[in-house]
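# Overview (structure and organization)
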Amino acid sequence: MTTPIDPAVVKRDFPLLTKAEMHGRPIVYLDSASSSQKPQSVLDAMDELYEHTYANVHRGVYELGAETTERYESARRNAARFVKAPSEREIVFTKNVTEAINLVAYSWGRANLAEGDVVVLTEIEHHANIVPWLMLREERGIELRWIPMAEDYTLDVSSLDELLDGAKLLAVTAMSNVLGTLTPVRQLADAAHAAGALCLVDAAQYVPHLPTDVTELGADFLGFTGHKMLGPSGIGVLWARAELLEAMPAFLGGGEMIRDVRKDGWTPNEIPWKFEAGTPPIAEAIGLAAAIDYLEGLGMDAVRAHERELTGYAIDTLTERFGDQLTIHGPAALDARGGVLSLALRDVHPHDISQVLDQHGVCVRAGHHCAKVLMKVLGVGATARASLYVYNDETDVDTLADALADTADFFSL
Amino acid sequence: MPGLEDLYREIILDHYRNPRNRGELPVPPAHRVEGFNPLCGDEIVVYLDIDDQGRIDDIRISGQGCSISQSSASMMSSAVKGKTVDEVRDLTKAFKAMMSIHESSLEGDGESEGEPAEVPDVKLGDLEALRGVVKFPVRIKCATLAWNTLAQGIDEAVDHPS
C-alpha cells in the first residue's frame, strides 16, 4: 500500500508554483506534458554542485574531478534503477528524447536499414518519432508503415501482423502527448519480436507518470527526457539492450567516446561512453538524479494513482459543466489514458482559449503539439491541451473550468 | 475581460464571426498561395484574381486558424479588393510596420532589420483595430500570416502571370 499524494504538500516543494504570478493571479500550471516545474531539491542539487564540487568528468585526477565524475556516474545508476534497466551500462545520457530517438536512427538505423526495409510507426507519434524515420526514408529509401488510430483514440491493432510483416523496427509511443492514450507496449513489442523486428519505445510521456520496467515492457530501445519529470532541460536518456549498443557504431566523435586515436584511425570507448561525445550535461544529469529521488520518494504507484484520480475528476467536471460544447480528444477509460486533456471548446480556436486562460493564470498549451500527422487524423488544426502532474489538484481543475466558462462567455457561445 | 480589450476589439470579433470573402476561386485564372504558422498550425489559403491593369479583381480566403489570424485575413481581403498591386504593396508595408517592431526582434524575417526604411503614408482604416496585437507578441505572427501570404501571392502572380 503506497501513501497517497497530497498535492498541497507537494506544491510547497515547487518554488515557481508558490511564488510566481501571472497577471496578478496564482499560477495554475497545466502544461507539464510540455515541460514540468522543478522541486527545490533539484535546484539545490545543481546549485550545490556548482558551488562546491564542480569540475569536468572523466578527466581531472584531482579530488573535485573525481567527485564530480562519481556523482555523474551515480546519476546514471539512478536512471538505470528508475526504469529497471538490467545494467547501468545500458543508460546513455543524451540531450533529450528527440536526441535519443535520433541516436537510434543515425547509428542503428544507418547500420541496419537499407532500401526497402520497413519501419512501422503509429499515427499518434509526435514529430520526434516521425521525422528521423522520414529522413532515413529520403536518404535510404526505407518504407514507413503506420498503425492507425481507432475511433476511441486507441491504436487500431487489427492489422498489426500485416503491418509488421517483414519489418525491421517498430517505433511507438508509450503514451500520446496529445491524446493521453496509453499504448499496449508489451503486446506491440511481442508482435514486433515475433515478426523479427526490434521495438523502440518513446517513453517521454510515460516514464514521468507510471512505474517503468524496460524488460517488462519488452522494449529494445527506450527514450525519455529529464525536463518532463521534474528534472532540468538538456538531459535525456536512451536505454537500449547492451548487445544492441555494443554492436551500434558511434555517431558523434570526440571526448569521452574515444579509447584511442592514431593518425590512421581510432578506437571507440566502451558503452555507454561510446555514445557520450564531448563534455556531457553534468549538472543536468545530477539534477535528473535528484528529480528521480524526489519521484521515488513519492512512489511511482502513488504518482499514477493521483493522476488517474485527478484525470477522472477533470473529465467529470468538464463534461458536467460544458456537455457537448466541449470535446476531449482522448480515451474515456481511465485505465487507457494518462493525465493529458486535449480540448476543443465548440468553435473557439485553441489560441484564443489559451489567451483567455492566460488572464486567469492558467497555463495550457495551444497548437498542434508537434503531432501534425495526428492533427490531420483528428481533423483539427490545433487543440488546447491541459496536462496534469503530481503538483496539480482539484482546485486547479476547477480554475481551469471557470476560465473555460469565461472563454465561452467572451466568445459568445 | 480586463487586459483583453486591446486584443479582441469588437470589429475583430465581428470579422472572426462573419469572415468576408471566404471561399475559393478557380485556379487558373486565379493564383493560389498557402501560408502556415508553424507555431500553432494555422493555415491560410489566399486566392487572387489580378486583372490586366494590375488590379485585385477578386480575392478569397480559406484555411483555418485563431480569431486574430482569421479576422486579419478577413479585414485584409476587404481592404485590398479593387486596389492595384502597387497600392496593396504599400498597404502591406504600412500594416507590417504597425506590427513589425516586435516581430523583427522576435524573429528576423530578413527585410525588417532595424527601422523600416520608409513607411508609406497609407490610411489603414479598420485595420488599425489590430494595433493592439502588438501588446501580445506571440499573436503578431497570427496577425501577419495573411499579409505575408498575400505578399507571396502577389510576387508569384507578377512573376508568373497566368
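Above: the structure in question.
Figured I'd write up the structure that's included with this text. (Residues numbered from 1 in each chain as written. Chains lettered and ligands numbered in written order. Predicted model: local features only at pLDDT ≥ 70, side-chain atom pairs only at ≥ 80, totals over all residues. Heavy atoms only, no water.)

### Here we look at the overall build of chain B
The condition is simple: Only runs of H or I of at least four residues qualify as helices and only runs of E of at least two qualify as strands under DSSP, and these elements are numbered from the N terminus. Only protein chains enter the accessibility calculation, which uses a 1.4 Å probe; a residue is then buried when its area is under 20% of its type maximum, exposed when over 50%, and partly exposed in between. Note on areas: these come from Shrake-Rupley sampling with a 1.4 Å probe, and a residue is covered only by the protein chains present in the view.
Within chain B one finds four helices and three strands. With 162 residues in all, chain B has 49% of them scored as buried. As displayed, chain B has an accessible area near 7800 Å², and 50% of this comes from carbon and sulfur atoms.

### Details of the overall build of chain A
So the rule is basically this: What the globule rule says is 2.2 Å times the number of residues to the power 0.38, and the radius of gyration is computed from C-alpha atoms. Note on contacts: a residue pair is in contact if any heavy atoms of the two residues lie within 4.5 Å. By the counting scheme adopted, Arg and Lys are positive, Glu and Asp are negative, and His together with the chain ends is not counted. To locate a charge, take atom NZ for lysine, CZ for arginine, CG for aspartate or CD for glutamate.
Helix and strand counts for chain A come out as 15 helices and 17 strands. Relative to the compact-globule value of 22 Å for 413 residues, chain A shows a C-alpha radius of gyration of 22 Å, a close match. When its C-alpha atoms are laid out on the principal axes, chain A stretches across 75 × 55 × 40 Å. Across chain A, every contact between residues at least 6 apart in sequence was considered, and the portion connecting residues at least 24 apart equals 72%. Accessible area for chain A stands at about 16100 Å²; split by element, carbon and sulfur atoms hold 50% of it. Here chain A contributes 34 positively and 60 negatively charged side chains, and the mean placements of these two sets differ by 5 Å.

### Let's talk about the pattern of salt bridges
All names here are of chain A. Note the threshold: Whenever a carboxyl oxygen of Asp or Glu lies within 4 Å of a side-chain nitrogen of Lys or Arg, that contact is scored as a salt bridge.
In this structure the tally under the stated criterion is 30 salt bridges over all chains. For Arg71, the salt bridge goes to Glu48, with nearest N and O atoms at 2.9 Å. With Arg71 in helix α4 (residues 63-82) and Glu48 in helix α3 (residues 40-53), this residue pair connects regions lying 23 residues apart in the sequence. With a closest N to O distance of 2.7 Å, Glu73 and Arg76 form a salt bridge. Of this pair, Glu73 and Arg76 both sit in helix α4, three residues apart, which is roughly one turn of that helix. Grouping residues by exposure puts Glu73 and Arg76 together as buried. Residues joined in a network through salt bridges with shared partners are Lys11, Asp393 and Asp396.

### Focus on the sheet that holds strand β1 (residues 31-37) of chain B
Residue and element names in this part refer to chain B. Threshold: Pairing between two strands is assigned when DSSP locates at least 2 bridges connecting them. Fitted lines through C-alpha atoms serve as axes, helices being fitted only where they are in contact, and the angles separating the N-to-C directions of these axes extend from 0 to 180 degrees.
Taking strand neighbours across the sheet as the criterion, the three strands line up as β1-β2-β3 in an open arrangement whose pairing is antiparallel. Of all strands in the sheet, those with a lone pairing partner are β1 and β3 (56-64), marking the two edges. For this sheet the average axis-to-axis angle between neighbouring strands, irrespective of direction, equals 20°. Across seven bridges, the pairing between β1 and strand β2 (residues 42-50) is antiparallel. Within β2, the position partnered with His31 by the bridge is Leu48. Along the sheet, helix α2 (residues 67-80) contacts β2 and β3; its crossing angle with β3, the most-contacted strand, is approximately 170°.

### Some thoughts on the packing of α4 of chain A against helix α11 (residues 282-298) of chain A
Residues and elements named next belong to chain A. Note the following rule: Working rule for angles: under 35 degrees goes down as roughly parallel, over 145 as roughly antiparallel, 65 to 115 as roughly perpendicular, anything else as oblique. Each crossing is labelled by how the near helix is turned from the far one, with a counterclockwise turn of less than a right angle marking it left-handed and a clockwise turn marking it right-handed. Under the scheme applied, nonpolar residues are Ala, Val, Leu, Ile, Met, Phe, Trp, Tyr, Cys and Pro; charged residues are Asp, Glu, Lys and Arg; polar residues are all the others, including Gly.
Between α4 and α11, the least distance of the axes is 9 Å, while the angle of their chain directions is 40°. The pairing of α4 with α11 is recorded here as oblique in orientation. In the crossing of α4 with α11, the sense of the turn from one axis to the other is left-handed. Contacts from Thr68, Arg71, Tyr72, Ala75, Asn78, Ala79, Arg81 and Phe82 of α4 reach α11 at Ile282, Ala285, Ile286, Ala289, Ile292, Asp293, Leu295 and Glu296. Of the residues assigned to the contact of α4 with α11, the class counts are 10 nonpolar, two polar and four charged.

### Digging into the environment of Ala344 of chain A
Residue and element names in this part refer to chain A. By the secondary structure assignment, Ala344 is in strand β14 (residues 340-345). The class of Ala344 is partly exposed, set by a relative accessible area of 22%. Taking the C-alpha atoms as reference, Ala344 lies 25 Å from Gln37; in sequence the two are 307 residues apart. Ignoring anything within four residues of it in the chain, the contact list for Ala344 reads Gln325, Leu326, Thr327 and His329.

### A short note on the side chain of Arg304 of chain A
All names here are of chain A. The residue Arg304 is located in helix α12 (residues 300-322) in this model. Asp335 provides the closest opposite charge to the buried, salt-bridge-free Arg304, at an N-O distance of 4.8 Å. Those residues within four positions of Arg304 in sequence are excluded, and the remaining contacts are Leu182, His209, Leu210, Pro211, Leu334, Asp335, Arg337 and Gly338.

### What about the interface of chain B and chain A?
What counts here: Throughout, the accessible surface (probe 1.4 Å) given up by two parts as they are put together, summed over both, is called the buried area. The term polar contact refers here to a pair of N or O atoms within 3.5 Å; inside protein, the definition further demands a hydrogen-donor-capable atom paired with an acceptor-capable atom, and it admits residues adjacent in sequence only when both atoms are side-chain atoms.
On the chain A side, the residues contacting the 24 residues of chain B number 18 residues. Taking both partners together, chain B and chain A bury about 1600 Å²; carbon and sulfur atoms supply 53% of that area. We note a salt bridge from Arg139 of chain B to Asp352 of chain A, for which the minimum N-O separation is 2.7 Å. The tally of links from chain B across to chain A stands at seven residue pairs in polar contact (both at pLDDT 80 or more). Broken down by secondary-structure element, the contributors of at least two residues to the side of chain B that touches chain A are α1 (10-17), β2 and α2 of chain B. Of the residues forming the side of chain B that touches chain A, the biggest block, three residues, is contributed by α1 of chain B.

### Some points on the nonpolar core
Note the cut-off: The nonpolar core is taken to be a set of buried Ala, Val, Leu, Ile, Met, Phe, Trp, Tyr and Cys residues, with the residues joined through side-chain atoms within 4.5 Å.
Residues Ile91, Phe93, Leu170, Leu222, Met229 and Tyr391 of chain A are the most contacted members of the largest nonpolar core, which totals 86 residues. By residue number, the principal contributor to this core is α11 of chain A, which donates 12 residues. The next biggest cluster of nonpolar side chains, apart from the first, holds 71 residues, and it includes Ala408 of chain A together with Ile59, Leu124 and Leu150 of chain B.

### What to know about the sheet that holds strand β5 (residues 118-122) of chain A
Within a sheet, adjacent strands bond to each other through the backbone by hydrogen bonds, running parallel or antiparallel. Residues and elements named next belong to chain A. Read from one edge to the other, the open sheet built from seven strands follows the order β4-β10-β9-β8-β7-β5-β6, with strand pairing classed as mixed. A strand with exactly one partner marks an edge of an open sheet, and here the two such strands are β4 (91-94) and β6 (143-147). This sheet shows a mean twist of 20° between the axes of neighbouring strands, independent of strand direction. When strand β8 (residues 198-202) meets strand β9 (residues 221-225), the two strands line up parallel, connected through three bridges. Paired with Asp202 across the bridge in β9 is Gly223. Taken strand by strand, helix α5 (residues 97-112) contacts β4, β7 (167-173), β8, β9 and β10 (236-240), and its axis lies near 155° from that of β9.

### Regarding a negative patch on the surface
What counts, and what does not: For patch detection, residues must exceed 30% relative accessible area and be free of salt bridges, and they are connected within 9 Å for like charges or within 5 Å for nonpolar side chains (Val, Leu, Ile, Met, Phe, Trp, Tyr).
On the surface, Asp86, Glu87, Asp90 and Glu118 of chain B cluster together into a patch of negative charge. Its place among the elements puts Glu118 of chain B in the loop between α3 (85-106) and α4 (140-159).

### Notes on unusual backbone geometry
Following Val27 of chain B, the chain continues into Pro28 of chain B via a peptide bond in cis, with omega recorded as -25°. Following Pro28 of chain B, the chain continues into Pro29 of chain B via a peptide bond in cis, with omega recorded as 15°. The topology assignment puts Pro29 of chain B in the loop between α1 and β1. A positive phi angle is found at His58 of chain A, which is not glycine, with a value near 60°. Counting through the fold element by element, His58 of chain A comes out in the loop between α3 and α4.

These figures capture arrangement, not role.
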